[in-house]
There are 2 protein chains.
Amino acid sequence: MQQTRKSRQREAILANLRARCDHPTAMELYLSVREEIPSLSLGTLYRNLKGLCDSHQIIRLSDGGEEHYDACTVPHWHIKCDHCGRFYDLPTPADVASVVPTPEYSGKIYGYSLIFFGTCEYCARAADEK
Amino acid sequence: MQQTRKSRQREAILANLRARCDHPTAMELYLSVREEIPSLSLGTLYRNLKGLCDSHQIIRLSDGGEEHYDACTVPHWHIKCDHCGRFYDLPTPADVASVVPTPEYSGKIYGYSLIFFGTCEYCARAADEK
DNA sequence: AACAATAACGATAATCGTTACTGTTATTAT
DNA sequence: ATAATAACAGTAACGATTATCGTTATTGTT
């Protein structure tokens, strides 16, 4: 069995991720949590991220390359910026469940990931200013 | 400049991917194309996959772990199976562009990736039979 | 409160998909 | 045919993630 006991490390990781508005990579999160727990091991971070994902306390965002993590588990959409590679939340319809219909399928579907591609507002603005 | 000349290798890779209905990983595609061109190098495969993606001739499907590739560039949705890890096409609304609205956003959005999660019909059937 | 069982840790090695490098081959324009 | 160089095969390097292992800390039980 895993993650049956509480640990200072896991609580710090989850608290850190919840406190921020970006969608950090494992390394970004690692460097940040290390400011509170300098002895934190990278293996511990990955192990806890995996457990937190498995227990649906956090969400993993994928688009090739590094994974990003999000502590907000309410269904919402993201944009992945081509320039800076970061993920940002998008204003998501309140009735999000009815906007994207679950397709007819003989298997089982329990959720989805919707990632828009483009240029984030910050990179777009920077490009305009050139 | 890249991919200005044609090559037997790239043509074989693209033809192979177009001829199949699954969404193979790089290694699955590699093993398959090697049956036609035994000398094919893995580096050549990756280099061409990258170029074909950049020129929008094929699509890359990501959900952590390995990348999968799809030669069908018409917008359509996928399901990623939790059990076997494979991607499958989903019946996608004909008016797909109007189903998912492009969110209000001050950056630029040019497309999206919609991946449903669940159990594919084959794995779901196998589980029922136990 | 001390003890025993073991989940979780820190440190580090291993894994593995992907990318980069290097000398050779093949395509394309002249 | 020739020259320029894109693309290749083979292989080394890279980097994010996972696994291993001996130690530490949490938790239920005396």
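Here the structure is a predicted model, which means the values were calculated and not measured.

Rules behind the numbers
- Residues numbered from 1 in each chain as written.
- Chains lettered and ligands numbered in written order.
- Predicted model: local features only at pLDDT ≥ 70, side-chain atom pairs only at ≥ 80, totals over all residues.
- Heavy atoms only, no water.
- Phe/Tyr/Trp six-rings, centres within 6.5 Å; stacked < 30°, edge-to-face > 60°.
- Helix = DSSP H or I, 4+ residues; strand = E, 2+ residues; numbered from the N terminus.
- Buried < 20%, exposed > 50% of the residue type's maximum accessible area, 1.4 Å probe, protein only.
- Core = buried A, V, L, I, M, F, W, Y, C linked by side-chain atoms within 4.5 Å.
- Contact = heavy atoms within 4.5 Å.
- Salt bridge = Lys/Arg side-chain N within 4 Å of Asp/Glu carboxyl O.
- Domains from an automatic or database assignment.
- Buried area = accessible area lost by both parts, 1.4 Å probe.
- Polar contact = N/O pair within 3.5 Å; in protein donor to acceptor, adjacent residues only side chain to side chain.
- Nonpolar A, V, L, I, M, F, W, Y, C, P; charged D, E, K, R; others polar.
- Least-squares fit on C-alpha atoms with pLDDT ≥ 70 in both.
- Lys, Arg positive; Asp, Glu negative; His and termini not counted.
- Near = heavy atom within 4 Å.

Caption draft 1: Main features of the packing of aromatic side chains. Scanning the entire structure with this criterion turns up 6 aromatic pairs over all chains. An angle of 45° between the planes, with centres 5.8 Å apart, marks the rings of A:Trp77 and A:Phe116 as tilted. In this pair, A:Trp77 is assigned in the loop between strand 2 (68-70) and strand 3 (78-81) and A:Phe116 in strand 5 (residues 108-119), connecting sequence segments 39 residues apart. For A:Phe116, a relative accessible area of 1% puts it in the buried group. Aromatic side chains A:Phe116 and B:Tyr112 sit 5.7 Å apart centroid to centroid with 55° between the ring planes, which places their arrangement in the tilted category. One end of the pair, A:Phe116, is in strand 5; the other, B:Tyr112, is in strand 5 (residues 108-119), on a second chain. Accessibility expressed as a relative area gives 26% for B:Tyr112, which makes it partly exposed.

Caption draft 2: Layout of the nonpolar core. One finds A:Trp77, A:Val100, B:Trp77 and B:Val100 to be the most contacted residues of the largest nonpolar core, which totals 26 residues. Contributions of two or more residues to this core are made by strand 3, helix 4 (96-99) and strand 5 of chain A together with strand 3 (78-81), helix 4 (96-99) and strand 5 of chain B. With near-sequence residues (within four places) excluded, A:Val100 lies in contact with A:Trp77, A:Tyr112, A:Leu114, B:Val100, B:Leu114 and B:Phe116.

Caption draft 3: The pattern of salt bridges, seen in detail. Residues and elements named next belong to chain B. Tallied over the entire structure, the rule returns 8 salt bridges over all chains. Residues arginine 20 and aspartate 22 are paired through a salt bridge, measuring 2.8 Å at the closest nitrogen-oxygen approach. In this structure arginine 20 comes out as partly exposed when scored by relative accessible area, which is 22%. You can call aspartate 22 partly exposed: its relative accessible area is 33%. Across the salt bridge formed by glutamate 67 and arginine 60, the nearest N and O atoms sit 3.8 Å from each other.

Caption draft 4: Structural context of the domain arrangement of chain A. Residue and element names in this part refer to chain A. Its domain assignment divides chain A into domain 1 (1-71) and domain 2 (74-130). Each partner contributes to the roughly 720 Å² buried at the junction of domain 1 and domain 2, and carbon and sulfur atoms together form 56% of this total. Its largest share of buried area at the contact with domain 2, domain 1 owes to His23, Leu61 and Asp63, together 57% of the area lost on that side. Between aspartate 63 and lysine 80 there is a salt bridge, and its shortest N-O distance comes to 2.9 Å. Between domain 1 and domain 2 we count 6 residue pairs in polar contact (both at pLDDT 80 or more) in total. Here the residues of the side of domain 1 that touches domain 2 are counted per class, giving 1 nonpolar, 3 polar and 2 charged.

Caption draft 5: Focus on the relation of the copies chain B and chain A. Expressed as a screw operation, the relation of chain B to chain A combines 0.0 Å of axial shift with a rotation of 180°, fitting to an RMSD of 0.1 Å. What the superposition gives is, in effect, a two-fold axis relating one chain to the other. For chain B, the smallest separation between a C-alpha atom and the rotation axis is recorded for B:Leu114, amounting to 2.3 Å. Taken as a fraction of all interface residues of chain B, those also at the interface in chain A reach 97%, which identifies the copy contact as same-surface.

Caption draft 6: The side chain of A:Arg10, seen in detail. Residues and elements named next belong to chain A. With respect to the helices and strands, the residue arginine 10 is situated in helix 1 (residues 8-19). Although arginine 10 is buried, it makes no salt bridge; glutamate 11 carries the closest opposite charge, 7.2 Å away. Within the local environment of arginine 10, its side chain forms a polar contact with the backbone oxygen of arginine 5, the two atoms lying 2.3 Å apart.

Caption draft 7: Highlighting the protein's contact with DNA strand C. Around DNA strand C sit 21 residues, and of these A:Gln3, A:Thr4, A:Thr44, A:Arg47 and B:Tyr46 come closest. The protein-proximal atoms of DNA strand C, defined as those within 4 Å of the protein, are 73% sugar or phosphate. A:Gln3 places a polar main-chain atom, nitrogen or oxygen, 2.4 Å from a phosphate oxygen of DNA strand C. Between A:Asn48 and DNA strand C, the recorded distance is 3.2 Å, taken from a side-chain N or O atom to a phosphate oxygen. For the surface near DNA strand C, the secondary structure elements donating two or more residues are helix 1 and helix 3 (42-54) of chain A together with helix 3 (42-54) of chain B. Looking at which element gives the most residues to the surface near DNA strand C, the answer is helix 3 of chain A, with 3 residues.

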